[in-house]
Amino acid sequence: MSTPPASSSETSPSPASTTWWRDAVIYQVYPRSFADGDGDGIGDLPGITARLDHLAGLGVDAVWLSPFYTSPMADAGYDVADYRDVDPLFGTLADADRLIERAHALGLRVIVDLVPNHTSDQHAWFRAALTAGPGSPERERYIFRDGRGPDGAEPPNNWKSVFGGPAWTRVTEPDGTLGQWYLHLFDSGQPDLDWNHPEVRAEFLDVLRFWLDRGVDGFRVDVANGLVKAEGLPDWDEELALLSGATEDGPTPPMWDRDEVHEIYREWRTVLDSYEPAGSRMMVAEAWVEPPSRLAMYVRPDEMHQAFNFTYLGAAWEAPALRDAVDRSMSANEAVGAPTTWVLSNHDVVRHASRLGTGKPGSFVGIGLGPDDPQPDAELGLRRARAATALMLALPGSAYLYQGEELGLPEHTTLPDEAREDPTFHRHNGQVVGRDGCRVPIPWVADAPAYGFSPTGESWLPQPPEFGELAVDRQEGVEGSTLELYRRAIRLRRELGLGQGELRWDPTLGSDDVLAMRRSTPLGEVLVLTNLAPDPVAVPDGVRVVLSTEDGPHPERELARTGTIATDVTIWALLD
Ligand code: NOJ
Ligand code: MG
């Protein structure tokens, strides 16, 4: 079981701070897989509420919940049928209220997911559009078009779905004939909305208010770069990956990162800013946009507060690549005065403890890692993951953690095909395994059914045997465990003020194999060093190591004894 924080006022930001998000550590909960309260094998809101102490004990500032709204689950809830209600699988609105209340009592802020690019095909608007037929006002809220070719049998353009297959589906009209096509950048159960329609705009302003009135502190905005499509929907020959075709000089893809999306967020910002205390409600964009200067446009002062920065996540495990990812991210954001964000894992990418144990850590966005792929080196992956996390938590800005990474959980790479639910797998006819491997229910208790995820032992995805040793109860209070490393790093990050202040690379200590960074924070000077060289490097003179990612008990003491930093280890040190 989790230990409650010694004092939540010590581990949490002051409630009056309106810019809490600038350096916050934010923990992503994937509701299906965090904790199951009712025993049906699917995580739910009461399960989360009962386990919020774990997050308070970890010392994070906020929790971001992936969607828990009414949904037929064609894409695990990223297909929303009712934006103002909770899916019965996850609980009720009253359960959401209780979760928000309990989180606030523990000093944790709550961010909910907003999915504005598309609805579910079971949303009342889409059902009405199907019934009302071609040319009706109901169809205008979505992107319906006549097909090309004789009898309109060809899709209106050549766009492909991010999840594989065509981005268009043909409907059967109310009179039983084959009719128009509708656009879905993702699954066919996720029809894209037409953001030129005033009712679509008005609806989402109201949805924002609905959740703000219930007390949420912010929104994570799904596919924030996709809402507006280019006039005329011109053909685009590339694959439609999340990060497709964006380059410094164009050509720009007709479905991603259109300049007109920014108007939408300016309007949303005025809604957020109208809530008290002014400025305390935030939005973070999920926008797979390159280069960082384009991404920075989403965080101009009158738009969003943050945007996920996937540059660091995609960087190779090499000192120059990491340094470059940090520099590019920081300079783009500095130009608009916004804090940078950092993230290593989420529900769409292979967990970093496995990714970093492969030869090609930068890939695996959306496609997963399966039994037929070369298997990651688990030990190497975890070692690098701990070093990468300590580096991330020492960077200025806000850091996002994904549930289970604090336990060092690996990707489940050998899930049986029958268990897979990700539409990516099905739309690629099983040729791409997809994202289920990072969504496996997390282990709480080594010796309990389903490792304590569910009281009945049910689990919507099977858990791999390695999860037992990594359960929360096996790591709690164990010096050198990944869980205790995260706790220590998050606490020190706050005490040392690492989320703010300046960053300088140290040209003497750094090299092509060693990252050495000096952090000047309002609270002092810290040296952060990651050794990526094949051999150990000496601990510099005149420093006192306060954190080391080396495993085993008392890693800082061990380091003082040997005087060296081993390969794939990050240290934080105070300058004497
Ligand atoms: C991004 C989300 O993170 C992903 O899980 C989802 O499938 C797509 N957006 C579509 O909503
Ligand atoms: Mg349940």
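Residues numbered from 1 in each chain as written. Chains lettered and ligands numbered in written order. Predicted model: local features only at pLDDT ≥ 70, side-chain atom pairs only at ≥ 80, totals over all residues. Heavy atoms only, no water.

### Quick notes on the overall build of the protein
Argument step 1. A count of helical and extended segments in the protein gives 16 helices and 20 strands.
Argument step 2. Taken against the 2.2 N^0.38 rule, which gives 25 Å for 576 residues, the C-alpha radius of gyration of the protein at 24 Å falls within 12% of a compact globule.
Argument step 3. With the C-alpha coordinates aligned to their principal axes, the bounding extent of the protein is approximately 80 × 55 × 50 Å.
Argument step 4. For the protein, the proportion of contacts with a sequence separation of at least 24, taken over those separated by at least 6, is 70%.
Argument step 5. For the protein, the exposed surface amounts to about 21000 Å²; the carbon and sulfur share of it is 51%.
Argument step 6. Considering the protein, the positive charge centre built from 49 side chains and the negative charge centre built from 91 side chains are found 3 Å apart. (Helix = DSSP H or I, 4+ residues; strand = E, 2+ residues; numbered from the N terminus. Rg over C-alpha atoms; globule rule 2.2 N^0.38 Å. Contact = heavy atoms within 4.5 Å. Areas by Shrake-Rupley, 256 points an atom, 1.4 Å probe, with all protein chains shown as cover. Lys, Arg positive; Asp, Glu negative; His and termini not counted. Charge placed at Lys NZ, Arg CZ, Asp CG, Glu CD.)

### Here we look at the packing of aromatic side chains
Argument step 1. Inspection of every chain in the model, using the stated rule, returns 22 aromatic pairs.
Argument step 2. Considering the side-chain rings of Trp-64 and Phe-308, the 5.4 Å spacing of their centres and the 35° angle between planes classify their relative orientation as tilted. On the criterion of sequence distance, the pair formed by Trp-64 in strand β2 (residues 62–65) and Phe-308 in the loop between β11 (306–307) and α9 (311–314) is long-range, its members being 244 residues apart.
Argument step 3. Residue Trp-64 is classed as buried on the basis of its relative accessible area, which comes to 2%.
Argument step 4. Each ring, one from Phe-68 and one from Tyr-69, has its centre 4.8 Å from the other, and the planes form 45°; the classification is tilted. (Phe/Tyr/Trp six-rings, centres within 6.5 Å; stacked < 30°, edge-to-face > 60°. Buried < 20%, exposed > 50% of the residue type's maximum accessible area, 1.4 Å probe, protein only.)

### So, the sheet that holds β2
Argument step 1. Pairing in this open sheet of eight strands is parallel, and the strands run β11-β10-β9-β5-β2-β1-β13-β12 from one edge to the other. Every interior strand has two partners, whereas the edge strands, β11 and β12 (341–343), have only one.
Argument step 2. Taken together, the four bridges between β2 and strand β5 (residues 109–114) define a ladder with parallel strand orientation. Residue pairing for β5: Trp-64 is matched across the bridge by Ile-111. (Pairing = 2+ DSSP bridges.)

### Some words on the packing of helix α12 (residues 378–393) against helix α15 (residues 482–496)
Argument step 1. With their axes 10 Å apart at the nearest point, α12 and α15 run at an angle of 15° to one another. Overall, the two elements α12 and α15 adopt an arrangement that is roughly parallel. The way α12 lies across α15 gives a crossing that is right-handed. The residues of α15 that touch α12, namely those facing Leu-382, Arg-386, Thr-389, Met-392 and Leu-393, are Thr-482, Leu-485, Tyr-486, Ala-489, Ile-490 and Arg-493.
Argument step 2. Of the residues that constitute the contact of α12 with α15, the class distribution is seven nonpolar, two polar and two charged. (Axes fitted to C-alpha atoms, helices over the stretch in contact; angles between N-to-C directions. Parallel < 35°, antiparallel > 145°, perpendicular 65-115°, else oblique. Left-handed = near helix turned anticlockwise from the far one by under 90°. Nonpolar A, V, L, I, M, F, W, Y, C, P; charged D, E, K, R; others polar.)

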